[in-house]
Amino acid sequence: MSASPGDTELYERIYQVVMQIPHGAVATYGDVALIVGGGCDGRIVGHALSELSPERALAVPWQRVINREGGISTAGLAQRQMLEAEGLIFSTDGRVSLVRYRWHGPDAAWAEAHGCRTLPPREEGEQLSLF
DNA sequence: GAATTGACGGGGC
DNA sequence: AGCCCCGCCAATT
């Protein structure tokens, strides 16, 4: 079972969560991992998205998943251009304001229906430095 | 089966 | 702001 067939369901779960990210919003790898739950972590999310098939990439907005720094972890400028096309503003450091674009998490009903958990409450305005 | 790597995160200094 | 260390799970070597 080196093909890890049972883990495919975990990947599908990750894809389902990523597909819930609305247009113009972003989520960190850790956030997606927390929503998926089950001991999933950011690295698994990264692997799942990296193993994403081109056809599947059309349905899964993988570009809306960024790292905790609010930056792009992928190579190339493809992801950044996709986010900019959604209206996100990148700073000179190539990062976006997480406090502004961060996804608050899936709907409570959706999370429970998919056996996932919502995002823990987060303090707003911590590092809110508007410009 | 151990060691390493990876589209990571958080805490501490 | 930076830097370092640890944990976490999966895939690869």
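The shown structure was predicted, so the numbers you read here are calculated from the model rather than taken from an experiment. (Residues numbered from 1 in each chain as written. Chains lettered and ligands numbered in written order. Predicted model: local features only at pLDDT ≥ 70, side-chain atom pairs only at ≥ 80, totals over all residues. Heavy atoms only, no water.)

Caption draft 1: Up close: the protein's contact with DNA strand B. DNA strand B sits among 14 residues. The nearest are Tyr29, Arg43, Leu49, Arg68 and Thr74. If you look at DNA strand B and keep only atoms within 4 Å of the protein, 33% of those are sugar or phosphate atoms. Between a base nitrogen of DNA strand B and a side-chain N or O atom of tyrosine 29, the distance comes to 2.7 Å. Between DNA strand B and serine 73 there is a distance of 3.1 Å, counted from a phosphate oxygen to a side-chain nitrogen or oxygen. Mapped by element, the contributors of at least two residues to the surface near DNA strand B are α2 (29–36) and α3 (42–50). (Near = heavy atom within 4 Å. Polar contact = N/O pair within 3.5 Å; in protein donor to acceptor, adjacent residues only side chain to side chain. Helix = DSSP H or I, 4+ residues; strand = E, 2+ residues; numbered from the N terminus.)

Caption draft 2: Quick peek at helix α1 (residues 8–18). Regarding α1, the residues found buried are Ile14, Tyr15, Val17 and Val18. Each buried residue of α1 sits inside an arc of 160° when the element is viewed along its axis, so together they form one side. Residues of α1 that are buried make contact with α2, α3, α4 (54–59), β2 (65–66) and α7 (108–113). (Buried < 20%, exposed > 50% of the residue type's maximum accessible area, 1.4 Å probe, protein only. Arc of directions from axis to C-beta. Contact = heavy atoms within 4.5 Å.)

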